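Geometric and topological summary
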Amino acid sequence: MKKQKSAVDTVWSFVLAVASVLYMYPIVMILFNSFKQERAISTGTAFQLPTAETFAGIEHYINAVNSKGFLQSLGYSFLITITSVGAILLFCSMCSWYITRVKGFVSNGLYMLFAFSMVVPFQMVMFTLSQTADQLKLNKPWNIWIIYLGFGAGLATFMFAGFMKSIPLEVEEASMIDGCSPLQTYFMIVMPMLKPTMVSVGILEAMWVWNDYLLPTLVLDIKKYKTIPMLIQYFRGSYGRVEMGPMMACIMLTIIPIVIIYLLGQKHIIKGVAAGAVKG
Amino acid sequence: MASISFKNVRKTYDNGVEVVKGFHLDVADKEFIVLVGASGCGKSTTLRMIAGLEDITSGELWIGDKLVNNIPPKDRDIAMVFQSYALYPHMTVYDNMAFALKLAGESKAVIDEKVKEAAEILGLTPYLDRKPKALSGGQRQRVALGRAMVRKPAVFLLDEPLSNLDAKLRTEMRSQLAHLHKKLETTFVYVTHDQTEAMTLGTRIVVMNAGIIQQVDTPRNLYTKPVNKFVAGFIGSPTMNFSNALVAEKEDGLYLEFEGHSVKLNAEKTKALKDGGYVGKEVIFGIRPEDVYEDEDVVKAGLEEKRVIEAEVDMYELLGSDVILYYYVGENKFTAIVNPATPTRTGDTTHFAFDVDRMHIFDKDTEVTICH
Ligand SMILES: Nc1ncnc2c1ncn2[C@@H]1O[C@H](COP(=O)(O)OP(=O)(O)OP(=O)(O)O)[C@@H](O)[C@H]1O
Ligand SMILES: [Mg+2]
């Protein structure tokens with residue numbers, strides 16, 4: 001029995017190792033090439049480590065940061081990601097609180113609607129969306145979060161509601177008896193208990209919004225506002241010349257914030273924050 | 001400071017089960033009322049209705065001179081200890097206890113004083129900085145108690161607040177609660193399964209069965225004058241002994257005949273049974289184990305020869321200050337609390353006598369008390 005188990009473990013370790021190599025290899029490739037000189041970046045030598053003659057130092061990184069619009073795009077990306085994720089976390093957690101705690105036709109209907117929105121592919125609605133966004137003037141980096149809220153709400157509400165069900169109701173009742181209004185109960189009791197789910201949802205949504213290319217391209221005025229993924233696209237297309245070096249450096253730079261967010265958040269994703277609240 | 005009054009209150013849950021059925025109860029201001037009853041009889045539900053956590057299906061609930069049917073919990077001026085504790089898991093013990101005071105806008109100094117005082121009483125001082133998950137069950141329960149104790153509400157609701165404590169701590173907390181009641185002079189509604197708690201703390205006890213109030217009375221009256229067989233069986237430990245018996249009339253008075261035994265009734269009981277028209281009919285009689293005497297004690301107690309029952313002891317149980325003997329009267333398992341010096345052991349045959357004056361007699365069909 002035990003032997004069997006360790007055999008299964010070995011197989012799993014192998015499969016996961018292969019999978020992680022597959023996942024890592026594009027990133028590693030880009031990392032290598034971002035340190036090579038422009039002329040050394042070619043299909044044939046993509047996997048070679050930079051050598052003494054091809055090593056370009058951090059030249060591409062400097063170019064990337066100095067390139068026109070990089071800092072601006074970084075700012076837009078941060079603005080959009082922070083506002084969108086913030087809105088999603090706040091509104092969706094409140095909404096799922098209502099859905100789980102108030103039983104009835106409305107909350108059931110809402111829940112179904114959110115679940116359904118997850119299965120509708122973005123491509124199906126993107127053209128009508130971009131038009132509606134234009135009409136409503138939701139095409140600025142500072143209000144595009146309303147659109148992200150709509151698209152992110154399904155998953156977030158689903159995850160929050162799932163966790164919310166496991167929070168004992170008595171804790172909220174106790175807070176009401178202690179004199180909390182519903183809003184106070186939410187902010188002082190429910191939200192702190194939701195922290196691990198907040199972190200998980202936050203990371204997922206942040207990765208999606210930060211990396212999203214299609215939605216901002218469709219909605220934002222491309223001449224005025226570019227997010228980082230749009231800017232990377234631009235690197236390749238300018239002057240008819242492919243500036244691979246700075247582009248790869250740029251990609252590496254834009255991965256950093258999301259990795260940091262993940263590493264910071266990871267340790268907060270602990271199970272059972274409600275531990276100790278009730279008997280048993 | 002408030003009275004509580006239930007006027008025909010009913011509670012039906014969404015699944016259609018009627019859990020509280022036509023509750024009439026007036027709790028006076030400053031009273032310590034204790035709810036007892038078997039598990040699932042609706043005690044917590046009643047408490048939750050007072051708290052406003054559960055809608056009232058029909059009827060009226062008054063706290064003081066306010067009809068509270070539609071008033072949210074936070075405006076009812078109550079404190080509650082939950083059966084499941086319901087601590088705030090993300091707050092320390094100190095913050096758990098201070099939470100209500102903070103919301104009420106008390107000054108830091110006042111909060112600190114009250115919380116520390118409560119922690120001292122509850123023996124929680126070393127744990128003030130811990131989160132609930134790092135506490136034992138009994139410690140958590142004391143935090144739940146402390147959260148209510150620091151406040152000065154109009155009504156205290158306590159749902160089995162001492163159930164998870166060890167015997168010593170429980171006795172200590174019991175007297176602390178009695179103190180608290182005296183000091184705060186507010187109304188307490190207290191749910192418990194513990195007879196001692198009910199008897200010692202309650203100014204009055206409410207005995208419930210399946211959502212219906214059986215009797216509301218002082219602890220003494222519940223013990224000596226139960227209104228029906230349920231209450232008689234519920235109050236007292238070990239529980240009262242019951243057996244069916246025939247009321248037979250002989251030339252020198254009325255006798256209860258059961259399982260080949262026959263005991264003569266006193267004048268008072270004879271009159272009650274005659275007035276009720278029970279002569280020649282079956283009734284149920286009940287006798288508390290403490291009113292059953294063994295062998296030489298029978299003589300000491302001056303009980304007549306005729307009232308003696310012979311039985312084999314099925315089990316001998318030493319409880320320290322008392323001995324409980326188990327024996328059979330016909331099919332019914334009976335108990336007797338006897339002198340711990342008794343030489344009788346399991347398997348011995350001995351004599352028991354019932355103190356007929358303290359016998360309870362119930363109608364066989366309705367189980368209502370005929371006489372005490
Ligand atoms: N939310 C609910 N929905 C449906 N039925 C419920 C609900 N809560 C309680 N009940 C039922 O109502 C009855 C009374 O429950 P309650 O919790 O008041 O019992 P209790 O007297 O406090 O019991 P215990 O001594 O075990 O705590 C039980 O039969 C229970 O199954
Ligand atoms: Mg209960």
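The structure we're discussing is the one just above.
The rules behind each value
Residues numbered from 1 in each chain as written. Chains lettered and ligands numbered in written order. Predicted model: local features only at pLDDT ≥ 70, side-chain atom pairs only at ≥ 80, totals over all residues. Heavy atoms only, no water. Near = heavy atom within 4 Å. Polar contact = N/O pair within 3.5 Å; in protein donor to acceptor, adjacent residues only side chain to side chain. Areas by Shrake-Rupley, 256 points an atom, 1.4 Å probe, with all protein chains shown as cover. Nonpolar A, V, L, I, M, F, W, Y, C, P; charged D, E, K, R; others polar. Helix = DSSP H or I, 4+ residues; strand = E, 2+ residues; numbered from the N terminus. Contact = heavy atoms within 4.5 Å. Buried < 20%, exposed > 50% of the residue type's maximum accessible area, 1.4 Å probe, protein only. Pairing = 2+ DSSP bridges. Axes fitted to C-alpha atoms, helices over the stretch in contact; angles between N-to-C directions.

Details of the site of ligand 1
Residue and element names in this part refer to chain B.
- By nearness alone, 13 residues border ligand 1, and Ser 39, Gly 40, Lys 43, Ser 44 and Thr 45 come closest of all.
- Take Ser 39: an N or O atom from its side chain is 2.5 Å from an oxygen atom of ligand 1.
- Contacts to ligand 1 include Gly 40, whose backbone N or O atom sits 2.8 Å from an oxygen atom.
- Burial of ligand 1 by the protein amounts to 62% of the accessible area it has alone, namely 630 Å².
- Residues that form the shell around ligand 1 fall into these classes: three nonpolar, eight polar and two charged.

Topic: the environment of Tyr 316 of chain B
- Along the chain, Tyr 316 of chain B falls in strand S16 (residues 308-318).
- If we ignore the near neighbours within four places in the chain, the residues touching Tyr 316 of chain B are Val 323, Ile 324, Leu 325, Thr 342, Thr 344, Arg 345 and Thr 346 of chain B.

Brief notes about the environment of Ser 58 of chain B
Residues and elements named next belong to chain B.
- Along the chain, the position of Ser 58 falls in strand S4 (residues 58-63).
- Given the relative accessible area of 31%, Ser 58 is considered partly exposed.
- Residues Ser 58 and Lys 11, spaced 47 residues apart in sequence, show a C-alpha to C-alpha distance of 7.0 Å.
- Every residue in contact with Ser 58, bar those within four places of it in the chain, is listed here: Asn 8, Val 9 and Arg 10.

Here we look at the sheet that holds strand S10 (residues 212-217) of chain B
Residues and elements named next belong to chain B.
- Spatial ordering of the open sheet is given by S6-S7-S8-S3-S9-S10, a layout of six strands whose pairing is mixed. Every other strand in the sheet has two partners, leaving strand S6 (78-81) and S10 as the edge strands with one partner each. Ignoring strand direction, the axes of neighbouring strands in this sheet form an average angle of 15 degrees.
- Pairing between S6 and strand S7 (residues 155-159): four bridges, direction parallel. In the sheet register, Ala 79 faces S7, and the bridge partner there is Phe 156.
- Where helix H1 (residues 43-51) meets the sheet, its contacts fall on strand S3 (32-37), S6, S7, strand S8 (187-191) and strand S9 (204-209), and the angle it forms with S7 comes to roughly 155 degrees.
- Along the sheet, helix H4 (residues 137-149) contacts S6 and S7; its crossing angle with S6, the most-contacted strand, is approximately 175 degrees.

By themselves, these figures tell us nothing about what the structure is for.
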